[in-house]
Amino acid sequence: MKKVVKFGGSSLASAEQFRKVGEIIHADKERTFVVPSAPGKRDADDTKVTDMLYACYDLAEQGEDFKNNLQAIKDRYQEIIDGLSLKLSLDDEFKVIGKNFKEKAGSDYAASRGEFLNGIIMANYLGYEFVDAAEVIRFADDGEFDAEVTNEKLRARLKDVKAAVIPGFYGAYADGRVKTFSRGGSDITGSIVARAVKANVYENWTDVSGFLVADPRIIYKPEGIETITYKELRELAYMGASVLHEDAIFPVRREGIPINIRNTNKPDDNGTWIVESTCQKSKYVITGIAGKKGFCAVNIDKDMMNSEIGFGRKVLQAFEENGISFEHVPSGIDTMTVFVHQDEFMHKEQQVVSAIHRLADPDHIDIEGDFALIAVVGRGMKSTRGTAGRIFSALAHANVNVKMIDQGSSELNIIIGVANSDFETAIKAIYDIFVRIQI
Ligand code: ASP
């Protein structure tokens, strides 16, 4: 049985945090493959090493002196090394990094050094083998992650390795140039390693005890989520619940490996289990609520639209031509509404409107902005009577006007559109009716 354990930046921000991580790893001999992030913030005013590296490389790229910035980064690592009393020097690594910065090795290379160096320290601290992610995580020439080549390389490389540290966040093209995932991408590396070694669980250690039913900035001390399915999580993550990088699900999902989100600062908490499927009922009918502000509704009217084959395609083509992705498309007999992100759409609205006129010949187009979308997600809603009724009566009691409703036939989620200004009130009302007031 193998566990892949990924530790986020705040779990590795200082020697003290490294010690907690060491204890967690040593507490379970199955925790054999470790994926570290770069050191994160030690307190609210601190700067993540990744951000320091980006800033330092910016100077290098502009031909400016970056010596002091690189020294400040080196100091962050030295503090960890000294705090752990390790006999390790990163002098050679920093010489190479300084040289490569001068030669403008690229910002991906620069950012990746955060994980690379932390990986070296972690391997030394644990006595595990260090495996450079650039050797085993492969990107194709078009910049996309190459899942299959990576899986083969990793599997072959780790086949006879008992315990290893593989830095998160980056890999390389076939020619060796380093490339990173998007920010927070160490979560993806952990998932890729879990797939390759066929782990029985992927533990993702961070600074919270898993997912919460709702955003704690809106709900005071919301309940935690014990178990959530990959599908539910996709819906919530898309709407802004951001404990885990949203692409981290895919590699393990194909193998049915569960993800356990855990808190490095509270290792006894069970955290959240993310699973393929479960017969465990969630504690409440809903699993979670998430939402985002800043949407725009484009209403398109055309008499007899329902009988015009291809009308929807033509309307959506107008958005596609302008590079705008749509979120939801609720429709009526003679109307169709397309929800888009306001900030993306704003600059192109007139081009889109004229394209809709040209392609679909509607009677009338009307644009309304400042919408918020709220997703109420839960496998428990399937075949449960009254869920929608409870949501809408709660919203009515809270004086929130519902502008849009969208429920897929999977019955996994209900999307509700409200005015931006009603967003927080609506989330509170939904949380209260399902979590605080149990009936
Ligand atoms: N260090 C990178 C970041 O700050 C990647 C990660 O932490 O997952 O985004």
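See the structure printed just above.
**A word on the sheet that holds strand β17 (residues 413-419)**
Next up, step 1: The strand order across the open sheet built from 6 strands is β13-β14-β12-β15-β17-β16, with neighbouring strands paired in antiparallel fashion. Strands with a single pairing partner mark the edges of an open sheet, and in this sheet they are β13 (326-328) and β16 (404-407). Here the average twist between neighbouring strands, direction ignored, is 40°.
Next up, step 2: When strand β12 (residues 288-301) meets strand β14 (residues 335-341), the two strands line up antiparallel, connected through 7 bridges. In the strand pairing of β14, Asn299 is matched with Thr337.
Next up, step 3: Relative to the sheet, helix α9 (residues 230-238) contacts β12, β13, β15 (364-377) and β17, its axis offset from that of β12 by approximately 70°.

**Thoughts on the nonpolar core**
Next up, step 1: In this structure, Phe101, Ile121 and Leu158 are the most contacted members of the largest nonpolar core, which totals 119 residues.
Next up, step 2: Sequence-distant contacts of Phe101, that is, excluding residues within four places in its chain, are made with Leu53, Cys56, Tyr57, Ala60, Phe66, Leu70, Tyr109 and Ala110.
Next up, step 3: Formed by 19 residues, the second largest nonpolar core is a distinct cluster that contains Cys296, Ile300, Phe311 and Ala360.

**Some words on the site of the ligand**
Next up, step 1: Taken together, Ser37, Lys48, Thr50, Glu115, Phe169, Arg183, Gly184, Gly185 and Ser186 are the residues near the ligand.
Next up, step 2: One of the side-chain nitrogen or oxygen atoms of Arg183 is found 2.7 Å away from an oxygen atom of the ligand.
Next up, step 3: Between Gly184 and the ligand, the recorded distance is 2.8 Å, taken from a backbone N or O atom to an oxygen atom.
Next up, step 4: Taken by itself the ligand offers 260 Å² of open surface, and the protein chains cover 94% of this.
Next up, step 5: Each residue belonging to the shell around the ligand can be placed in one class, and the counts come to 1 nonpolar, 5 polar and 3 charged.

**Some details on the sheet that holds strand β9 (residues 227-229)**
Next up, step 1: One open sheet accounts for 8 strands, arranged β3-β5-β2-β1-β8-β10-β11-β9; its pairing is mixed. Strands with a single pairing partner mark the edges of an open sheet, and in this sheet they are β3 (129-130) and β9.
Next up, step 2: In the sheet, strand β1 (residues 3-7) pairs with strand β8 (residues 201-206) via 5 bridges, with the strands oriented parallel. Directly across from Phe7, in β8, lies its bridge partner Trp205.

**Considerations on the packing of aromatic side chains**
Next up, step 1: Evaluation of the coordinates by the stated rule reveals 13 aromatic pairs.
Next up, step 2: Judged by centre distance (5.7 Å) and plane angle (80°), the rings of Phe116 and Phe130 are edge-to-face. Highlighted residues: Phe116 in helix α5 (residues 107-126) and Phe130 in strand β3, separated in sequence by 14 residues.
Next up, step 3: Phe130 gets classed as partly exposed once you look at its relative accessible area, which sits at 25%.
Next up, step 4: Their ring planes at 25° and their centres at 6.3 Å tell us that Phe319 and Phe345 sit as a pair that is stacked. Of the two residues, Phe319 is situated in helix α11 (residues 311-321) and Phe345 in helix α12 (residues 342-345); the sequence distance between them amounts to 26 residues. Phe345 carries the same exposure label as Phe319, and that label is buried.

Thresholds, definitions, all that
Residues numbered from 1 in each chain as written. Predicted model: local features only at pLDDT ≥ 70, side-chain atom pairs only at ≥ 80, totals over all residues. Heavy atoms only, no water. Pairing = 2+ DSSP bridges. Helix = DSSP H or I, 4+ residues; strand = E, 2+ residues; numbered from the N terminus. Axes fitted to C-alpha atoms, helices over the stretch in contact; angles between N-to-C directions. Contact = heavy atoms within 4.5 Å. Core = buried A, V, L, I, M, F, W, Y, C linked by side-chain atoms within 4.5 Å. Buried < 20%, exposed > 50% of the residue type's maximum accessible area, 1.4 Å probe, protein only. Near = heavy atom within 4 Å. Polar contact = N/O pair within 3.5 Å; in protein donor to acceptor, adjacent residues only side chain to side chain. Areas by Shrake-Rupley, 256 points an atom, 1.4 Å probe, with all protein chains shown as cover. Nonpolar A, V, L, I, M, F, W, Y, C, P; charged D, E, K, R; others polar. Phe/Tyr/Trp six-rings, centres within 6.5 Å; stacked < 30°, edge-to-face > 60°.

Just distances and angles here, no functional claims.
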